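# Fold and geometry: a report
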Amino acid sequence: DIDVIYASPFLRVLQTVQPLVDHTSDALPRSLLLKQGIKVDYALYEHPDPDGGVQDMPAHWVNDFSIDLEYETSLCAKALQDSNAANPEGQKKNSTSTALDEGVKHRTAEFIRTLVKGHTSAKLPRREGTTVLLATHQYVAHALLHQCNSIPWEGLDFQQGEVAELRWHSVFD
């Protein structure tokens, strides 16, 4: 059972996770968290192209998808855009700069802090059995696996559609 879904603000990502939110039955009730909807977070944004800019979600998506409107993203679109503009060379997909790696590592570390904090509050007691689904992109998945599971950055080859378990509960203990 999935308790909560965090997703990148990309159409194809939201299209992928929406059926999980829609799937309910008497035999498989959704958790209270999942009933709140998909928590869209810009920290999970695919590595952006500084020329194209970071896009806010279209307003109609709140009607098309079950988005948790009360969730506060750990990184807003403007902050991500400003960060990218400060280092455009590091944002190019074929860049040899380590700035891209460091930028993605930094924003995913902030996301993990938000995740740990959000799942250890009085409102949401920490449970080792909480199942959190992160729907994101390969490069961001690499950063998360590197930080949570201590997998060397150079050895990561997370494939599209692959599922991995992150040991995020103890990252900042």
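Everything below is about the structure printed above this text.
Residues numbered from 1 in each chain as written. Predicted model: local features only at pLDDT ≥ 70, side-chain atom pairs only at ≥ 80, totals over all residues. Heavy atoms only, no water.

## Some words on the pairing of strand β1 (residues 4-7)
What you see with β1 is no split at all: Val 4 and Tyr 6 on one side and Ile 5 and Ala 7 on the other are buried throughout. Bridge analysis of β1 against strand β3 (residues 132-135) gives 4 bridges, and the strand direction is parallel. Residue pairing for β3: Val 4 is matched across the bridge by Val 132. Relative to strand β2 (residues 39-40), β1 runs parallel, the two being bridged by 2 bridges. (Buried < 20%, exposed > 50% of the residue type's maximum accessible area, 1.4 Å probe, protein only. Helix = DSSP H or I, 4+ residues; strand = E, 2+ residues; numbered from the N terminus. Pairing = 2+ DSSP bridges.)

## Focus: helix α6 (residues 138-149)
Over its 12 residues, α6 extends 15 Å from the first C-alpha to the last, a length consistent with the 16 Å expected when each residue adds 1.5 Å. Of all the residues in α6, the buried ones are Val 140, Ala 141, His 142, Ala 143, Leu 144, Leu 145, Cys 148 and Asn 149. The positive-phi residue at the C-terminal boundary of α6 is Ser 150, with phi of around 55°. (Expected span 1.5 Å × (residues − 1).)

## Quick notes on helix α1 (residues 11-22)
For α1, built from 12 residues, the straight-helix expectation of 16 Å at 1.5 Å per residue is met to within 8% by its first-to-last C-alpha distance of 16 Å. Among all positions in α1, only Val 13, Leu 14, Val 17, Gln 18 and Val 21 are buried. End-on, the buried residues of α1 take up no more than an arc of 130°, which puts them together on one face. Exposed and facing more than 90 degrees away from the buried side of α1 are Thr 16 and Asp 22. (Arc of directions from axis to C-beta.)

## Thoughts on the nonpolar core
Formed by 41 residues in total, the largest nonpolar core has its most connected members in Tyr 6, Ala 7, Leu 14, Ile 38, Phe 111, Leu 144 and Trp 168. Here this core takes 6 residues from α6, the largest share from any one element. (Core = buried A, V, L, I, M, F, W, Y, C linked by side-chain atoms within 4.5 Å.)

## Section: the pattern of salt bridges
In this structure the tally under the stated criterion is 2 salt bridges. We note a salt bridge from Lys 39 to Asp 68, for which the minimum N-O separation is 2.5 Å. Note that Lys 39 is positioned in strand β2 and Asp 68 in the loop between α3 (61-64) and α4 (77-86), a separation of 29 residues in sequence. Take Lys 39 and Asp 68: they sit in the same class, and that class is buried. When the shortest N-O distance is used, the salt bridge between Glu 110 and Arg 113 registers 3.0 Å. You can see Glu 110 and its partner Arg 113 sitting in helix α5 (residues 99-118), 3 residues apart, about one turn around the helix. The exposure class of Arg 113 is partly exposed, given its relative accessible area of 38%. (Salt bridge = Lys/Arg side-chain N within 4 Å of Asp/Glu carboxyl O.)

## As for the sheet that holds β2
Strand pairing in a sheet takes place through backbone hydrogen bonds and is either antiparallel or parallel in direction. Within the open sheet, the 3 strands sit side by side as β2-β1-β3. Their pairing is parallel. Each of the sheet's edge strands pairs with one partner strand only, and the pair in question is β2 and β3. In the packing of α1 onto the sheet, contacts are made with β1, β2 and β3, and the angle to β1 comes to roughly 170°. (Contact = heavy atoms within 4.5 Å. Axes fitted to C-alpha atoms, helices over the stretch in contact; angles between N-to-C directions.)

## Digging into the side chain of Gln 18
Position of Gln 18 relative to the elements: it lies in helix α1. Classification of Gln 18 as buried rests on a relative accessible area of 9%. Not counting residues up to four positions away in its chain, the partners in contact with Gln 18 are Ile 38, Phe 65 and Ser 66.

## Topic: the packing of aromatic side chains
Enumeration over the complete set of coordinates arrives at 5 aromatic pairs. A ring pair is formed by Tyr 6 and Tyr 71, whose centres lie 5.5 Å apart and whose planes are at 75°; its orientation type is edge-to-face. Note that Tyr 6 is positioned in strand β1 and Tyr 71 in the loop between α3 and α4, a separation of 65 residues in sequence. Overall, Tyr 71 belongs to the buried group, its relative accessible area being 17%. Ring geometry for Phe 10 against Tyr 45: centres 4.8 Å apart, planes inclined by 65°, an arrangement best described as edge-to-face. With Phe 10 in the loop between β1 and α1 and Tyr 45 in the loop between β2 and α3, the pair connects residues that are 35 residues apart, well separated along the chain. With respect to burial, Phe 10 and Tyr 45 carry one shared label: buried. Joined through ring pairs, the aromatic side chains of Tyr 6, Tyr 71 and Phe 111 make up one cluster. (Phe/Tyr/Trp six-rings, centres within 6.5 Å; stacked < 30°, edge-to-face > 60°.)

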